[in-house]
Amino acid sequence: MQNTSNRLRTAPERAARTLTTVFRHVSLPGDVTNPPCQILDESRSVRHAGDEPAWNICTPSGSEAEMQPDKTPRNRRTTLKSSSRPTLLSAAMAAEAAGRDDATAGPADCTEMGERLKDGNMKADLEAALPAGREDFAIQCRDVCRSYGKLKVLNNLNLTVPQGQIYGLLGPSGCGKTTLLKCIVGTLKISRGHITVLGKPPAFPGHDVPGKMVGYMPQELALYNEFTISDTLTFFGRIHGLTWKETKARMDFLIDFLDLPQKTSLVRNLSGGQRRRVSLGAALLQNPELLILDEPTVGVDPVLRSKIWQHLVEIVRTGKVSVIITTHYIEEARQANVVGLMRNGCLLAEGPPDSVMKQHSATTLEHAFLQLCETSDQNGSKRGSSPPGGPLENSQSFESGKDESRPILAVGAGAAEEVPKYSADWKVRARHFLPKWRNIAALMIKTMVRMRRLPGSLCFQFLLPVIQVSLICLCVGGDPKGIQVAVVNNETSSTAYSQALLSFLDNTSVHQVHLSHEEAFDGIYNAEYWGVIGFGKNFTSYLTKRMIQRQVARDVVDGGSVHVWLDFTNRQIALMLQKKLHEAFQAFVDNKLGSMSYLVSLPIKFEEPIYGSLNTDFTTFVTPGAVLSITFYLAVGLTALSFVLERKEGLLDRCWVAGVSSLETMLAHLFSQLFVISVQIILLLLFILLVFKMPNEGSLVLVIILIVLQGVTGISFGLVISSAIDDEQSANQAALGIFYPNLIISGIIWPVECIPYPLRYLSLALPQTYASEALRCIMYRGWGLSRMMVWRGFAVTLGWNTFFLILATVILKLRT
């Protein structure tokens, strides 16, 4: 390592490296695409390509003499004339030989080498080549850091992907390759540093990265199983703005080029290798300038792996397409033009594969990588004892390093550059942030196609709310039927009042079982009966005395009364028995006394109700709130699960790399689910109004609008869950955890007035409390928007809609 450090400090070696860069940017005969890989001194201060480079030449005493080449206009690139090529080659060879022979060159030698570089055409050629424009590099990463909390995934990483070449990003699983790619395509923000992709930062307004300029194949297959090959490519063609003719032409080419089966084949029926090729075809569809493949050869057979690499070599031959491919199969990257060896979020080395192996006297890339890892571990242990702020925080770059002990391999001229400032017209920025209806339409069509391919699931979605509301109307709020009641009647005469009174008892609700006193009470204690009705021996005579005489003894009052013992463990049944007995006694009195029945009636008369009817049951109260609740929570479940599953399978990330924004994704899902909600609402209203005869005295239009808005609120809340949660189990738990509290305290199954005041305030803030009240007012009172209780329900629903949509958008933005 000491000899290596000495060679790094020689001016001829630096000049040789400079000439190596010239060879990379000019047309030369022969094979000079892989020049010898050079070890760089990480302590030198340099600039990035495209600026005016300056080298700090280290002298034996440790001082530095700066050599500044002539300034050349940015983005200028010149091809060497044939007459100057031998001169450059000879100069490069001489400089390289001088670097080997003279390891202690002093200031005089540096000056002499500088004079050589200025002779003849060399000066003009260097001026054209050294400050090469940014278009010479497809990707440039400078001091990139990315952290998840306290975990550093990328640590001061520097990377350069040459234009028109294959770059193999190598490293073990978990070293940060996928995170780096997400930062490059703009779906993940970096914590610090600077990234340039095809000339501009990713996600810059007006720059199609993410978008049409990038073809992205994620590590997951990220394909819709319900799609055919044709559907898949057509979907991405719509997102990229291709016409149908362009999409069809590219589809036919890719199916032939990638040896895919018929385009009508469903993705779920394809083999693993065929699916990977379909995924690659989706990345190649729009002829991207940059192709990013994340572990494309994982889990495929060697034959297919070889074919994929053959495809990549064929693609980059024109020089218009750059490819960056990640893999942990190190040896297969030998076919790449440049490789970068990555570990623990840092780039250990970068250069042509043969040069990397030659530098470390290794026969395989894997051997060279192991040597670099060992060296990195040794240096890391040395730094562990150094004070804070030491070399651990420094950049580890193949172009500009700061740790002399780390061998970083170079592929091009290095230069540390100031971060350029980019600007865009306000119209461009507006178009960048506004949703594109092309993308929204593509996503909506995608959802409709998936629904069409799953007819069973679609029918279930349509029928589930109908089934639920039918169960509510049939099972909730009705009177109990067939209730067993024991009767102890000590009167035996058939003309006795007790027999007449029992005959008026509703036999459909109450089933009378005549028993002795002992048997009746044994039965009720054993939960065989819900109540016991008892009559004394002289019930008829005592009751007659009570009705005729003004004053009677206490035993007469007691003997002329019906005695009832009830099981109040079920309050609904007990209250129903009380009601039925009162009705039976009133019918008995009317029958026996006729016009004189008022003598024994309560002095309270209930007139005809202002709203509703005397026969209104509890089902009528529950149904409006139940309809809103069903619509709301079905939308929550469908939205939350669908987004979580798409994120888990990598489908959302792939769409975002294709240029779809989070707002477009949410709007497309919202509009798609509106179709499902509309069908559900139509079926719900048909059943509750026509089948179950629920009254509706108000505007049917207002009823439909309010239910639709509640469904949209459910979709919005589902978007919040899916944007904040990554797995379906947690999403289900979140949805169910909110469901029951909301159902209980929103006044859906029990009046809000029954809730104690601390909870009642919370109830009034929920999205369904005022909405349920407003729907009851519309259906049962016939009120319109002029009434406060109605428009308040609409206003609260719209407010929750807006809040959930904004919250979901903010969460998605923060997470991406």
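Residues numbered from 1 in each chain as written. Predicted model: local features only at pLDDT ≥ 70, side-chain atom pairs only at ≥ 80, totals over all residues. Heavy atoms only, no water.

Draft legend 1. Molecular detail of the overall build of the protein chain. The helix and strand inventory of the protein chain stands at 28 helices and 17 strands. When the 816 residues of the protein chain are sorted by exposure, 50% land in the buried category. Intrachain contacts of the protein chain at a sequence separation of at least 6 include 75% that bridge at least 24 residues. By element, 57% of the accessible surface of the protein chain is carried by carbon and sulfur atoms, the whole surface being about 38,500 Å². (Helix = DSSP H or I, 4+ residues; strand = E, 2+ residues; numbered from the N terminus. Buried < 20%, exposed > 50% of the residue type's maximum accessible area, 1.4 Å probe, protein only. Contact = heavy atoms within 4.5 Å. Areas by Shrake-Rupley, 256 points an atom, 1.4 Å probe, with all protein chains shown as cover.)

Draft legend 2. Examining the environment of V712 more closely. Position of V712 relative to the elements: it lies in helix α24 (residues 700–724). We classify V712 as buried; its relative accessible area is 11%. Sequence-wise, V712 and T631 are 81 residues apart; in three dimensions their C-alpha atoms are separated by 9.0 Å.

Draft legend 3. Spotlight on the side chain of S629. Tracing the backbone through its elements, the reader meets S629 in helix α21 (residues 618–648). Note on S629: relative accessible area 4%, which makes it buried. The residues contacting S629, other than those within four sequence positions of it, are F739, L743, I748 and Q768.

Draft legend 4. Spatial organisation of the pairing of strand β10 (residues 322–327). Within β10, 6 of the 6 residues are buried, which leaves it mostly tucked inside the rest of the structure. Covered by surrounding structure in β10 are S322, I324 and T326 together with V323, I325 and T327, the residues of both alternating faces. Pairing between strand β9 (residues 290–294) and β10: 5 bridges, direction parallel. Its bridge partner lying in β10, L293 is registered against I325. (Pairing = 2+ DSSP bridges.)

Draft legend 5. A look at the nonpolar core. If you look at the biggest cluster of nonpolar residues, it comprises 63 residues, and the most contacted ones within it are I166, F235, L291, L293, L312, V323 and L365. Here L291 is in contact with G215, A283, L284, L312, I315, V321, S322, V323 and I324, once residues within four sequence places are set aside. (Core = buried A, V, L, I, M, F, W, Y, C linked by side-chain atoms within 4.5 Å.)

Draft legend 6. The arrangement of the sheet that holds strand β5 (residues 151–162) in detail. In space, the 3 strands of this open sheet follow the order β5-β4-β7, with antiparallel pairing throughout. Only two strands of the sheet have a single neighbouring strand rather than two, namely β5 and β7 (192–197). For this sheet, the mean angle separating the axes of adjacent strands, direction not counted, is 15 degrees. Here strand β4 (residues 137–148) runs beside β5; their pairing, made up of 8 bridges, is antiparallel. Across the sheet, residue S147 finds its bridge partner in β5, namely K152. (Axes fitted to C-alpha atoms, helices over the stretch in contact; angles between N-to-C directions.)

Draft legend 7. A look at the packing of aromatic side chains. For the coordinates displayed, the defined rule picks out 23 aromatic pairs. Considering the side-chain rings of F462 and F675, the 6.2 Å spacing of their centres and the 75 degrees angle between planes classify their relative orientation as edge-to-face. Placement of the pair is F462 in helix α15 (residues 455–475) and F675 in helix α23 (residues 662–691), with a sequence separation of 213 residues. Overall, the relative accessible area of 14% leaves F462 in the buried class. The partly exposed category is assigned to F675, whose relative accessible area is 38%. When the centroid spacing of 5.4 Å and the interplanar angle of 70 degrees are considered together, the rings of Y497 and F588 count as edge-to-face. Of this pair, Y497 sits in helix α16 (residues 497–503) while F588 is found in helix α20 (residues 571–593), placing the two residues 91 residues apart along the sequence. This pair shows no difference in class: Y497 is buried, exactly as F588 is. Among the aromatic residues, ring-to-ring pairing joins F632, Y633, F717, F739, Y740, W800, F803 and F804 into one connected group. (Phe/Tyr/Trp six-rings, centres within 6.5 Å; stacked < 30°, edge-to-face > 60°.)

Draft legend 8. Representation of a nonpolar patch on the surface. Residues L736, Y740, I744, I749 and W750 make up a contiguous nonpolar surface patch of about 530 Å² in total accessible area. Inspection of the secondary structure puts I744 in helix α25 (residues 728–745). (Patch = residues over 30% accessible without salt bridge, like charges linked within 9 Å, V, L, I, M, F, W, Y side chains within 5 Å. Salt bridge = Lys/Arg side-chain N within 4 Å of Asp/Glu carboxyl O.)

Draft legend 9. Region of interest: the sheet that holds strand β15 (residues 510–514). The strand order across the open sheet built from 4 strands is β15-β14-β16-β17, with neighbouring strands paired in mixed fashion. For this open sheet the edge positions go to β15 and β17 (563–566), each flanked by a neighbour on one side alone. Taken over all neighbouring pairs, the strand axes of this sheet differ in orientation by 25 degrees on average, direction set aside. Pairing of strand β14 (residues 483–489) with β15 involves 5 bridges; the strand directions are parallel. In the sheet register, Q484 faces β15, and the bridge partner there is H511.

Draft legend 10. Broad picture of the side chain of H669. By the element assignment, H669 lies in helix α23. Take H669: its relative accessible area is 7%, and that puts it in the buried class. Apart from the residues within four sequence positions on either side, H669 is in contact with T639, S642, F643 and I715.

As far as function goes, none of this settles anything; it's purely spatial.
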